[in-house]
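Geometric and topological summary
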Amino acid sequence: MEYDRYCDLTMRGGTTSGVVYPLAVAALARHYEFKQIGGASAGAIAAGFTAAAERGRASGGFEKLAGLIDWFTSGSGAERWRMAQLFQPAEKTRALYRIVIASMQKRETTGRSAISCLFFALLGAVGLRAKSVLALMALLWLGGPVLFSAWLAPSAYPGWITALVVVLALACLVMVLWPLRASLPWPAWVFAAVPLVLGLAFSRHYATAAIVLLVWLVLSLAAVSALIVTYGYAMQRFLKDNARSIHFGLVPGTGDFRPSWLDRLAGVPKSTNVPPLADWIADRLDDIAGTSEALTFGDLGDINLVLMTTDLSEGRPYRLPFKDEWQYCDECLGYVLPSRVVEQLNGRETTSKCPLHKYMPLRELPSRDQLPVVLAVRMSLSFPGLIAAVPLCRDGRVHWFSDGGITSNFPIHFFDALLPRWPTFGLTIQPYPNGDKTDVWLPEQDASASGTPYSSIGTVPRFLVSILDTFLDWRDTMQSALPGYRGRIAHVRQSDDEGGSNLFMPPATIKRLALRGQQAGDMLRERFEQQRNTDRYRWIRLRMALREYQELGTQAADRDALYEELLERFEIPAELHDWFRTPPADGDPFRDGIEVALDHVGRLKDDGPFDGVPPVDPDLRLTPPE
């Protein structure tokens, strides 16, 4: 059957975890033609690349897509960090970006210490006055214990003072320092202990040594407090003055960033001419699809690419490309997209001005066929705080579009129908469950056990992360566990140092993740290229649909009289007349047909073929369009 060679595909967001998708997609493409493709966040990048590869299938599109993994893993020296080099800050956000990058350093991967990199990053993040205050605090912290023990400490103490300070010192050792012993790496403890050791070296009485310990603790607390207050105030001032101009993110996606010597000291990798993220995505889309200009939705022909974004101004998701009319500002989009893409938009100029740039006119956003795919991808992957949001305008107001994963990080509901013709495959990412070392999990096509993933919670950070994951993903998780869904979703497992926000993954780690993705694609293809498994999928969906028909029949039978009485007496208000091609004059003009339809549907309550329905009862309800 022709339908057996078609499939749809949706992919989950996950920042750098997106490296699992190219080989997975290439594995599926060996048997299937992709008809509809969707994703959110990093999954939107993969979805765009998949649509481009399908468009360029005859010219090696899927080979080019798979080749992206070779590009990420083939470099040496600074080229090993091509992934991290894609994330390039604006000039205004350079100082904050250094701090983020410094915190990601690990000796076992980058060969750099996070502590030393953070020192240089923090040093360059504040002005001269703040540096002077911090320098004075540092001198006091370093010299305070020595100053007391060498010059200020008395030669003898009353007995009660000696007893008091010794007890306090011992209490601090037990109640403060011992619980904190594992909170810092040993090099940090060595550095922090330097003033204490110097102070103890000049102590001539054990009471003096106890006081030196207390002084060191107080000054350490004061130094940490000074750091927090200084950098917190600097951050607050920066965000107050610049948050909107940097589009609420450190990485715009385009620009001409080159690391300075201070950036390099803070852990920013040396430039190897890797373009900024949005430029790279635009170039790869065009290369994979084989287009000379920025790939548009119209270039995709019958391939239906749908991406998820989140309108923070309205507090709702949107599917891209839009069905509504929007406006844009050249300068606003020029901050987040390559200039050649903004020029290609060439929307009709309107009489309205941009609310963010009063001197710039607003232009009409092109319709679907002329809309560049990279714009939709960029609107879906605006990871909050890290990647700048994308502003568009409507009715004279700015709407800020951020990451699609905020509202649906795994939009498996895309393309779904009550009676599907072919499967919508899903590729998702999850941590390894405790004790389970299986790299890829493909659930069975039944309802014999729960299809929801399980993750144990043993620490406070894991607890907080689980709250956020549940807050964002609970609907996608429950949908993915239903019979008829679960058996077509491959779960790729990753450890804590893989994917996610790990920008500095070594090439070997990227390759390992990519091969797990290939395994996931192979497992899905091998399951569904067998006719009996595709038939099994369609049969399960048929029986799930029949269960919903039964529920609909039950409601129609039980409420038939209520709605017949409604149709007899209800006069349609003028405000609803535009629902009809011909405005109704006397009640609902189709009430006789509606009563017949309700009667026929109501007969399904008792007469339908409902034996054999699955032991899961999903809800059939109206949901608003995205």
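Residues numbered from 1 in each chain as written. Predicted model: local features only at pLDDT ≥ 70, side-chain atom pairs only at ≥ 80, totals over all residues. Heavy atoms only, no water.

Considerations on the domain arrangement of the protein
Just so we agree on the cut-off: The domain limits used here are those given by an automatic or database domain assignment.
Here the domain parsing of the protein yields domain 1 (1-89 + 275-446 + 486-529), domain 2 (128-241) and domain 3 (549-606). Taking the mean C-alpha position of each, domain 1 and domain 3 sit 43 Å from one another.

Digging into the environment of Glu325
What counts is decided by this rule: Starting at the N terminus, helices and strands are each numbered in turn, a helix being any DSSP run of H or I of at least four residues and a strand any DSSP run of E of at least two. Whether a residue is buried, partly exposed or exposed follows from its accessible area with a 1.4 Å probe, protein chains only, as a fraction of its type maximum: under 20%, in between, or over 50%, in that order.
Locating Glu325 in the fold gives a position in the loop between β5 (316-320) and β6 (327-329). What makes Glu325 exposed here is its relative accessible area of 74%. Considering only alpha carbons, one finds Glu325 and Asp522, 197 residues apart in sequence, at a separation of 41 Å.

Details of empty space enclosed by the protein
To keep things clear, this is the line we draw: Cavity: a set of points on a 1 Å grid over the protein atoms alone where a 1.4 Å probe fits but cannot get out. Pocket: an open set with protein on both sides within 12 Å along at least five of seven lines, its lining residues, like those of a cavity, having an atom within 4 Å of a point. Grid points are joined across faces, edges and corners, and a volume is the space filled by probe spheres set on the points. Note that Gly is not counted as nonpolar here; it falls among the polar residues with everything else outside the nonpolar set of Ala, Val, Leu, Ile, Met, Phe, Trp, Tyr, Cys and Pro and the charged set of Asp, Glu, Lys and Arg.
Taken as a whole and judged by the stated rule, the model has two cavities of 30 Å³ or more. Within this model, the largest cavity holds a volume of roughly 330 Å³. Forming the boundary of the largest cavity are 25 residues, of which Thr15, Gly18, Ala42, Ile45 and Trp280 lie nearest the centre. Elements with a contribution of two residues or more to the lining of the largest cavity: α1 (21-29), α2 (42-55), α3 (61-73) and α13 (277-289). Examining the composition of the lining of the largest cavity, we find that five residues originate from one element, α2, more than from any other. A per-class count over the lining of the largest cavity returns 19 nonpolar, five polar and one charged.

Points about α3
To be explicit about the condition: Should any heavy atoms of two residues lie within 4.5 Å, those residues are considered in contact.
Restricting attention to buried positions, one finds in α3 the residues Gly61, Phe62, Leu65, Ala66, Leu68, Ile69, Phe72 and Thr73. Where α3 is buried, its residues touch α1, β2 (33-40), α2, α4 (82-85), α13 and α19 (507-528).

Focus on the nonpolar core
Stated precisely, the cut-off is as follows: Note on terminology: a nonpolar core comprises buried Ala, Val, Leu, Ile, Met, Phe, Trp, Tyr and Cys residues joined through side-chain atoms within 4.5 Å.
One finds Ile281 and Leu333 to be the most contacted residues of the largest nonpolar core, which totals 101 residues. Per-element tally for this core: the top contributor is α2, with eight residues. Within the second largest apolar cluster, 22 residues are counted, among which are Ala192, Leu196, Ile211 and Trp216.

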